[in-house]
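Inside the fold
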Amino acid sequence: MKLFVNLRTLRLPYISVRHAVNSTQPTRNVDFYRQRTTYSYFLPIQTRWQDNDQYGHVNNAVYHGYFDTLINHYLIRYCGLNTNRRSSSMVGFIVTNQCSFHKPVKFPENPLASLAVEKIGHSSVHYRMALFNQVPTKKSISIHFNILNDGCFSDCSALEGFESLACTTAMSTHVFVDTMSEKPKELPEGFKKGLQKIMIPL
């Protein structure tokens, strides 16, 4: 298990990671987060030739890029996140990143990325993510362009073409701050409603 902390947190000494991730979160075992049924939002990921390292599989650092894409894709599409810092009232900083690798992924495979929200705080969001490989016996999976563009939810039939046990699991915490002061900012109600749609039930 490897822990990666975004260097941008060095600019935010007043943000307490311990405060952002409340210790009252329910304790679940590793297998729970490897189950596809744990997650509510899904997005196919196109691996690239440059993602492979000298060992012939996707380098561990690249996975964080996949999950960063997944999170922000959902926030922009379904929570109304404005990524233009000149016009947005808040900006999100990743304060913790963690990945566990169970099976490798390699180019040209196209894994399925999945996202769930475990906790919503005053200004923070704690995410759980995973990657699922294609079922080996499924030679072809029909995926509509809309799924590539917008992602899909747990009722999507295309999910059956992917394994039910994750090859990679991850967790990440966002802290949203005021654009000007860079101090923690309360999450807007509309933004929280979008996040609540993919909350893991207690």
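Below you will find a few notes about this structure. From a predicted model like this one, the values you see are computed outputs, not experimental measurements. (Residues numbered from 1 in each chain as written. Predicted model: local features only at pLDDT ≥ 70, side-chain atom pairs only at ≥ 80, totals over all residues. Heavy atoms only, no water.)

1. Structural notes on the overall build of the protein chain
Across its full length, the protein chain carries 5 helices and 7 strands. What you see in the protein chain, going N to C, is helices and strands ordered as β-α-α-β-α-β-β-β-α-β-β-α. Of the roughly 11,100 Å² of accessible surface on the protein chain, 53% is carried by carbon and sulfur atoms. (Helix = DSSP H or I, 4+ residues; strand = E, 2+ residues; numbered from the N terminus. Areas by Shrake-Rupley, 256 points an atom, 1.4 Å probe, with all protein chains shown as cover.)

2. Section: unusual backbone geometry
In this structure, the amide linkage connecting Phe-107 to the following residue, Pro-108, adopts the cis form with an omega of 10°. Relative to the helices and strands, Pro-108 resides in the loop between strand 3 (90-101) and strand 4 (112-120). Positive phi, close to 60°, is recorded for Glu-182, a residue that is not glycine. Checked against the element boundaries, Glu-182 lands in the loop between strand 7 (168-178) and helix 5 (189-196).

3. Quick notes on helix 3 (residues 60-78)
For helix 3, with 19 residues, the first-to-last C-alpha span of 28 Å sits near the 27 Å given by 1.5 Å per residue. Residues of helix 3 that are buried include every one of Asn-60, Val-62, Tyr-63, His-64, Tyr-66, Phe-67, Leu-70, Ile-71, His-73, Tyr-74 and Leu-75, and no others. Its side-chain oxygen 3.0 Å from the backbone nitrogen of Ala-61, Asn-59 forms the N-cap of helix 3. Of the residues flanking the end of helix 3, it is Gly-80, one or two places downstream, whose phi is positive at about 75°. (Expected span 1.5 Å × (residues − 1). Buried < 20%, exposed > 50% of the residue type's maximum accessible area, 1.4 Å probe, protein only. Polar contact = N/O pair within 3.5 Å; in protein donor to acceptor, adjacent residues only side chain to side chain.)

4. As for the packing of aromatic side chains
In total, this model carries 11 aromatic pairs according to the counting rule given. Between Trp-49 and Phe-107, the aromatic rings sit 5.9 Å apart at their centres with planes inclined by 75°, giving edge-to-face as the arrangement. Remark: Phe-107 occurs in the loop between strand 3 and strand 4 and Trp-49 occurs in the loop between strand 2 (41-44) and helix 3; sequence separation between them is 58 residues. Residue classification places Trp-49 among the exposed positions, given a relative accessible area of 65%. Summarising the aromatic geometry, the rings of Phe-176 and Phe-191 are spaced 5.1 Å apart at their centres and angled 75° between planes, so their arrangement reads as edge-to-face. Pair noted here: Phe-176 is in strand 7 and Phe-191 is in helix 5, with a separation of 15 residues, a long-range link. The exposure class assigned to Phe-176 is buried, which follows from its relative accessible area of 0%. With a relative accessible area of 4%, Phe-191 lands in the buried category. Through pairs of rings, three or more aromatic residues link up here, namely Tyr-41, Tyr-74, Tyr-78 and Phe-153. (Phe/Tyr/Trp six-rings, centres within 6.5 Å; stacked < 30°, edge-to-face > 60°.)

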